[in-house]
Amino acid sequence: MIYYFSGTGNSEWVAGELARLTGDEAHAIAPLADKAGGIAIAAPARVGIVFPVYAWGAPAIVERFCRSITIADGAYAYVVCTCGDEAGRAVKRLQKMVPYQSAWSIAMPNNYIVGFEVDDPALERRKIAAARGRLATIADAILADARCYDVQEGVAAWLKTALARPAFNAFARRTRPFFATDDCNRCGLCARVCPIRAIELENGRPRWVKRHCTQCLGCINRCPTRAIQYGAGTKKRGRYFFGKSD
Ligand SMILES: Cc1cc2nc3c(=O)[nH]c(=O)nc-3n(C[C@H](O)[C@H](O)[C@H](O)COP(=O)(O)O)c2cc1C
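Residues numbered from 1 in each chain as written. Predicted model: local features only at pLDDT ≥ 70, side-chain atom pairs only at ≥ 80, totals over all residues.

## Details of the domain arrangement of the protein chain
Spelled out, the test is: Where each domain begins and ends is defined by an automated method or by a domain database. Two residues qualify as being in contact provided that their C-beta atoms, derived from the backbone, are within 7 Å of each other. Throughout, the ten residues Ala, Val, Leu, Ile, Met, Phe, Trp, Tyr, Cys and Pro are labelled nonpolar, Asp, Glu, Lys and Arg are labelled charged, and all others, Gly among them, are labelled polar.
Each assigned domain of the protein chain is listed here: domain 1 (2-168) and domain 2 (178-230). Domain 1 and domain 2 are separated by 25 Å when their C-alpha centres are compared. The interface is formed by 11 residues belonging to domain 1 together with 10 residues belonging to domain 2. Along the lines of polarity and charge, the residues of the side of domain 1 that touches domain 2 split into eight nonpolar, three polar and no charged.

## Structural notes on the pairing of strand β10 (residues 199-202)
Successive side chains on a regular strand alternate, one facing one side of the sheet and the next facing the other. For the record, the criterion: DSSP bridges decide pairing: two strands pair if at least two such bridges lie between them. Under the DSSP-based scheme used, a helix requires at least four consecutive residues in state H or I and a strand at least two consecutive residues in state E, with every element numbered from the N terminus.
Summarising the sheet, β10 and strand β11 (residues 205-208) pair through four bridges and their orientation is antiparallel. Bridge assignment links E200 to a residue of β11, and that residue is R207. Linking β10 to β11, which pair antiparallel, is a turn of two residues; within it N203 sits at a positive phi near 50 degrees.

## Observations concerning the site of the ligand
Note the cut-off: Any residue whose backbone-placed C-beta atom lies within 6 Å of a molecule or strand is treated as near that molecule or strand.
What surrounds the ligand is a group of 26 residues, the closest being S6, N10, S11, P52 and C83. Sorting the residues of the shell around the ligand by element identifies α1 (10-22) and β6 (76-83) as the ones contributing at least two each. The element that contributes the greatest number of residues to the shell around the ligand is α1, accounting for three residues. Across the shell around the ligand, the residue classes break down as 12 nonpolar, 11 polar and three charged. Each of domain 1 (2-168) and domain 2 (178-230) accounts for three or more of the residues forming the shell around the ligand.

## Examining the sheet that holds strand β8 (residues 149-150)
Using the following cut-off: In this analysis an axis means a line fitted to C-alpha atoms, helices contributing only their contacting stretch, and an angle means the value between N-to-C directions, from 0 to 180 degrees.
The strand order across the open sheet built from six strands is β2-β1-β4-β6-β7-β8, with neighbouring strands paired in parallel fashion. At either margin of the open sheet sits one strand with a lone partner, and together these are β2 (26-28) and β8. Inspection of the sheet shows β6 paired to strand β7 (residues 102-107) by six bridges, in the parallel sense. For V79, the partnering residue across the bridge sits in β7 and is A103. Across the sheet, α1 touches β1 (2-4), β2, β4 (46-52), β6 and β7, and the angle it forms with β4 is around 160 degrees.

Okay, here's the thing in structure tokens:
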């Protein structure tokens, strides 16, 4: 079984491809994250966790899910993270929560438009083409129950994960800066894609009803009329979600 969390589709695509290549099934973490009693993985099963890197850490919802699952001795567990550039110690941190045998990172197009511009279209295409090749290699390793750690951590990884990750969770996940402009066409897509139901519709327009969210940025990146903004910085930036330019 493969469990994934995804805001803009990169990790969902990775999980789906790994499921296809290894003859497995992919399931979203969000509806399961707070399941009473957690999930037990029996041996000799195989279990994969796929997620995007946020501020050199795993999303809080993913860490919560990982703490809730029990993996029997003899089962094969692996972790795959997607990131714009580097994962820091996001994956190493998970070792205490989900004792995995192998881990990989895959560079995918950047979706963090609150902080940065999206990658240019040529770089997005190059990353996805490279990811396709990497997925085949990873799938072969999974089928062989290989033991490896092939994660692009980047420089000063330990420091970034130790400092930026908690700061992001404490201060940068506020929903208050989200708003919808008059370009909103009341399609309701933002509420439907929000994995944690932080958005309710009021006369068809989004209202963020939780003080904090995961900051997956699915709502802002997928809005078909670019009506959703976060503070003043996102107006001029591009938008990204997997499959956008197909
Ligand atoms: C809140 C947030 C923080 C991010 N932090 C990082 C980071 O620390 N390092 C990195 O390489 N990419 C970072 N990214 C980019 C994503 O990890 C990357 O685009 C990922 O593939 C998105 O996956 P998804 O489409 O499944 O949501 C961040 C994205 C978001 C939304």
